[in-house]
Amino acid sequence: MARVASLQNIRMTPTAQSARLWEQLRTYLGRGSGAYAFFGLYAAICTWQLFTNPRTSLRTDIFFVLFLLLVFMVYRSATPLWFRGGLTAVLLVVVMPIFGTLNPFYIDVATQAGIFVALALGLNVVVGFAGLLDLGYVAFFAVGAYLWAILSTPQITQINPAWSPVPPIMFYPFVVLGLVIGAVFGILLGLPVLRLRGDYLAIVTLGFGEVIRVLANNLDRPINITNGSQGIREIERPPLILTNFIRETLGWNLSDSQLYQQFFYFVVLLIVIFTVVVVSRLKNSRIGRAWEAIREDETAAVAQGIPRVRMKLMAFAVGASFAGAMGVVFASKQLFINPPTFDLLRSINILAMVILGGMGSIPGSILGAVIVTLLDLQILPRMATVLRDAQRAGVPIPAAFDPTQYQRLLFGILLVLMMIFRPQGILPDERRSEELHAGDEPPSEEEAPPAARAAAESS
Amino acid sequence: MTSNILEARNVTKTFGGLVAVNDVTLTVEKGRIVSVIGPNGAGKTTFFNILTGIYKPDKGTVIFDGTSIAGNRPDIIAALGMRRTFQNIRLFDNMTVLENVLVGMHTHLHAPFWQIVTRAAGVRREEARARQKARELLAYVGLDEKRDDLAKNLPYGDQRRLEIARALAGQPKLILLDEPTAGMNPHETDAATELIRRLRDELGLTVVLIEHDMRLVMAISERITVLDYGTKIAEGDAAAIRSNPRVIEAYLGKGAAGAAA
């Protein structure tokens, strides 16, 4: 048996070998007492480092990335549920917020990452599960954001002077309303594109996304609904909760803005958890299977009695709803939105998250969203600062070279490299990772040798 | 009233100037195994596509189990209990064998959206039952050990069997098999013949098949319909078809028909 296994190793491509090594490492660290010690120690070191060095710096950046990696590794590990759930909860509900009070930048990055996790998960329903390439996804985010921005500010009096803004406490029902409005717009987009597939679908959805942005840009005349390119300012935040409890009972002297950061962090975290639960339940149900069947072969899916129109619209609606809800939160958190916030690049960014993580894969979308957000907000700007510091210190980098200008280039190169070396994404859907192993088999497609199969199973 | 599960009358379908199916009538009694044969391009698959709703017939009526279905949507026809397999296997390649069968059960699973999201007890029960049933079906066609393989990694013969298992998952009354043994070796063909016979004898299904393998057709069909250039040229039992001069002509040419006669 050992010989068979070694023969297999020779046949394996480098990618497959590294995948195997990774798998072994995962099994080793993911189970048993080794895992408890590893994760415990890792968490302790990270927490200690973050708490003792909260100042924004390269070093803190690195530990922050390691911290997020840890959260993800724990969540994905094969440890018992109490350990996995418990440690994830401690890291996200205790360590992260406390660190956030020490340095507001990082909790903002975490909140943004969370917003994009929900968006990526939503887009993954449409693109990954149902196979409908949607390039205008940010439109639903915009709809949610403008919904709250217009109705919570004096902007509404521009539409009709008799109307008045909704009180800030209405934020909570509006998050739910965002969910509903997102779904409605998802169906509105879905209806005209039902018959389209592939490239044609992509073009029409791209157009839809632009239509929403252009509408937002131009609906300041004849009636000023969106305030046009100037955007909407001073968007309301819900009244703070638990302030007395935190300041007096706990004795933590946090400013309002710190409390709001904490507040939005927790709101986003809750929505992300809600999204993950809903999406994974749908995935393993008759609905999720119907979506995947439509993606795989529409004609065959319909021949199994799957109502094509209904299922596609449901995918569009479910995907869009998370974006709508997050839009409300985003507008409230940012205090200001304008049309360029919702441009095509944003849609493409979200799509890149899904593709980078692995289409159709829930953990993949989460990881993809976190990676892209970190790259965007933290890692690439940090590289730029490091380069600029080097420049100032006399390293011969041409003066005209401004590293901040190259962020998107670096991002592009990363994506291209990714597509060359791991086109299925970082964490492909587990079922689909089998495709990879299938590719490693010798060329005879029929009748895979039983010995190889047995070896693969026993190893 | 009648014991006919399927009555297709005067069905015609044209594509541009080409008459793919011309005034074809086919009635199938409950519990029969019926074959549709004919040379390549005779319109057999087009006829199946009309029956299953992929194409709308230009003329004619199709009555399935007492319901008129001509021009209905394919998913509605499938839900009524008519299932099919495809000539060029159409499995859900990147789903597992078990999931393929579960997709076939779609019309028998009713868990509403909100219950799935809240994972109500009823949903979990239904899902467990469906998995159990799917595994029974896989065992029936001999694929249970491979239930977690991706469909596309199955050997050819297994893919054919999985397609049949997926069709069975819809608990059909009538199953249409489009060339179920195409590309199989004689040994696999024998196994497939046996399976088709069991579908009828054990499950009480009505089977309509398109087939080129005459050995299989003659062995298991109780009635055979012959199409040529979209027109029905003969109908009858195996012996009658074998000696029908028009059939011989269609398959072998005019000279052969004369020689046989």
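Refer to the structure printed above.
The structure reproduced in this document is the subject of the present report. (Residues numbered from 1 in each chain as written. Chains lettered and ligands numbered in written order. Predicted model: local features only at pLDDT ≥ 70, side-chain atom pairs only at ≥ 80, totals over all residues.)

## Re the overall build of chain A
Next, step 1: Scanning chain A from terminus to terminus reveals 20 helices and zero strands.
Next, step 2: For chain A, buried positions account for 39% of its 459 residues.
Next, step 3: When contacts within chain A are restricted to residue pairs at least 6 apart in sequence, long-range pairs at least 24 apart make up 75% of them. (Helix = DSSP H or I, 4+ residues; strand = E, 2+ residues; numbered from the N terminus. Buried ≥ 20, exposed ≤ 12 C-beta atoms within 10 Å, placed from the backbone. Contact = placed C-beta atoms within 7 Å.)

## Quick notes on the environment of R131(B)
Next, step 1: The topology assignment puts R131(B) in helix α5 (residues 121–141).
Next, step 2: Exposure remark for R131(B): the 16 C-beta atoms within 10 Å place this residue in the partly exposed category.

## Thoughts on the packing of helix α6 (residues 104–129) of chain A against helix α17 (residues 362–392) of chain A
Residues and elements named next belong to chain A.
Next, step 1: Contact geometry of α6 with α17 gives a least axis separation of 8 Å together with a crossing angle of 140°. Relative to α17, the element α6 lies oblique. Between α6 and α17 lies a crossing whose hand is right-handed. Residues V109, Q112, A113, F116, V117, A120, L121 and N124 of α6 pack against I362, S365, I366, G368, A369, V370, T373, L374, L377 and Q378 of α17.
Next, step 2: Grouping the amino acids of the contact of α6 with α17 by side-chain chemistry returns twelve nonpolar, six polar and no charged. (Axes fitted to C-alpha atoms, helices over the stretch in contact; angles between N-to-C directions. Parallel < 35°, antiparallel > 145°, perpendicular 65-115°, else oblique. Left-handed = near helix turned anticlockwise from the far one by under 90°. Nonpolar A, V, L, I, M, F, W, Y, C, P; charged D, E, K, R; others polar.)

## Section: the pairing of strand β1 (residues 4–15) of chain B
Residue and element names in this part refer to chain B.
Next, step 1: Summarising the sheet, β1 and strand β2 (residues 18–29) pair through eight bridges and their orientation is antiparallel. In the sheet register, N4 faces β2, and the bridge partner there is E29.
Next, step 2: The hairpin turn running from β1 into β2, its antiparallel successor, is two residues long, and G16 in that turn takes a positive phi close to 60°.
Next, step 3: Bridging between β1 and strand β4 (residues 59–64) involves five bridges; their strand directions are antiparallel. Paired with A8 across the strands is V62, a residue of β4. (Pairing = 2+ DSSP bridges.)

## Digging into the environment of T153(A)
All names here are of chain A.
Next, step 1: Following the sequence through the fold, T153 ends up in the loop between α7 (138–152) and α8 (155–159).
Next, step 2: Separated by 13 residues in sequence, T153 and V166 have C-alpha atoms that sit 7.8 Å apart.
Next, step 3: Leaving out residues up to four positions away in the same chain, T153 has contacts with P165, I232, E234, I235 and E236.

## Description of the interface of chain B and chain A
Next, step 1: Contact with chain B, which involves 32 residues of that partner, is made by 28 residues of chain A.
Next, step 2: Among the elements of the structure, α2 (74–80), α3 (97–104), α4 (113–118) and α6 (156–168) of chain B are those that each provide at least two residues to the side of chain B that touches chain A.
Next, step 3: Tallied by class, residues from the side of chain B that touches chain A come to 17 nonpolar, eight polar and seven charged.

## Let's talk about α17(A)
Residue and element names in this part refer to chain A.
Next, step 1: Here α17 spans 43 Å end to end across 31 residues, near enough to the 45 Å set by a 1.5 Å rise per residue.
Next, step 2: In α17, a bend of some 50° at L375 exceeds every other bend along the element.
Next, step 3: Two residues or fewer after α17 comes G394, characterised by a positive phi angle close to 105°. (Expected span 1.5 Å × (residues − 1). Bend = angle between axes of the 7 residues up to and from the residue.)

## Digging into the nonpolar core
All names here are of chain A.
Next, step 1: Counting residues in each nonpolar core, the largest one holds 189 residues, and the members touching the most others are L119, A315, M326 and V329.
Next, step 2: In terms of residue count, the dominant contributor to this core is α6 (17 residues).
Next, step 3: Taken together, domain 1 (19–102) and domain 2 (104–437) each give at least three residues to this core, which thus spans both.
Next, step 4: Apart from the residues lying within four places of it in its own chain, the contact partners of A315 are V125, V126, F129, A130, L132 and W291. (Core = buried A, V, L, I, M, F, W, Y, C linked by C-beta atoms within 7 Å. Domains from an automatic or database assignment.)

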